[in-house]
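# Structural overview for review
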Amino acid sequence: MADLTPTPDRPGLHVSKPSPNTQATGSAVCHCGATATATGDSQVKALVEGYTANHGSAHGQTGR
């Protein structure tokens, strides 16, 4: 399987939760240069909500 972790060259959002008994992990990299990571279900949920609302396609490819 390919490495799906976002990088500055491949911005995006990646969330992993291998089983119901493990904590979720997440990482995000935006076109604007913002980066974030989170561990734990509630923290990853907040990461996804923040990225979706404020980064990625929320402000487009220009990042500004």
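Our subject is the structure that appears above.
These numbers come from a predicted model, not from an experiment. (Residues numbered from 1 in each chain as written. Predicted model: local features only at pLDDT ≥ 70, side-chain atom pairs only at ≥ 80, totals over all residues. Heavy atoms only, no water.)

Oppositely charged side chains can form a pair if their charged atoms are brought close together. Tallying each qualifying case throughout the model produces two salt bridges. Measuring nitrogen to oxygen at the nearest pair gives 3.1 Å for the salt bridge that ties Asp-41 to Lys-17. In this pair, Asp-41 is assigned in helix α1 (residues 41-54) and Lys-17 in the loop between β1 (12-16) and β2 (25-29), connecting sequence segments 24 residues apart. For Lys-17, a relative accessible area of 37% corresponds to the partly exposed category. With its nearest N and O atoms 3.3 Å apart, the salt bridge here joins Glu-49 to Lys-45. Of this pair, Glu-49 and Lys-45 are both found in helix α1, four residues apart, which corresponds to roughly one turn of the helix. By relative accessible area, Lys-45 is classed as exposed at 53%. (Salt bridge = Lys/Arg side-chain N within 4 Å of Asp/Glu carboxyl O. Helix = DSSP H or I, 4+ residues; strand = E, 2+ residues; numbered from the N terminus. Buried < 20%, exposed > 50% of the residue type's maximum accessible area, 1.4 Å probe, protein only.)

The residue Ser-27 is located in strand β2 in this model. What Ser-27 contacts, discounting residues up to four positions off in sequence, is Thr-5, Pro-6, Gly-12, Leu-13, His-14, Ala-36, Thr-37 and Leu-47. (Contact = heavy atoms within 4.5 Å.)

Here we come to the pairing of β2. Of all five residues making up β2, four are buried, and the element is well covered by its neighbours. As defined by bridge partners, β2 adjoins strand β3 (residues 35-39) across five bridges and the pair is classed as antiparallel. If you follow Ser-27 over to β3, its bridge partner there is Thr-37. In this antiparallel pair of consecutive strands, β2 and β3, the connection spans five residues, and Gly-33 shows a positive phi of 105°. (Pairing = 2+ DSSP bridges.)

When you line up the elements, Gly-50 lands in helix α1. Residue classification places Gly-50 among the partly exposed positions, given a relative accessible area of 26%. In this structure, the C-alpha to C-alpha distance between Gly-50 and Ala-36, residues 14 residues apart in sequence, is 10.0 Å.

What follows is about α1. Side chains that are three or four residues apart share a direction in an α-helix, a result of its 3.6 residues per turn. Between its first and last C-alpha atoms α1 spans 20 Å; for 14 residues at 1.5 Å apiece the expected length is 20 Å, and the two agree. Listed in full, the buried residues belonging to α1 are Val-44, Leu-47 and Tyr-51. Along α1, the residues classed as buried sweep out an arc of 55° about the axis, all on the same side. Exposed and oriented more than 90 degrees from the buried face of α1 are Ser-42, Lys-45, Thr-52 and Ala-53. Check the buried side of α1 and you find it contacts β1, β2 and β3. Of the residues flanking the end of α1, it is Gly-56, one or two places downstream, whose phi is positive at about 55°. (Expected span 1.5 Å × (residues − 1). Arc of directions from axis to C-beta.)

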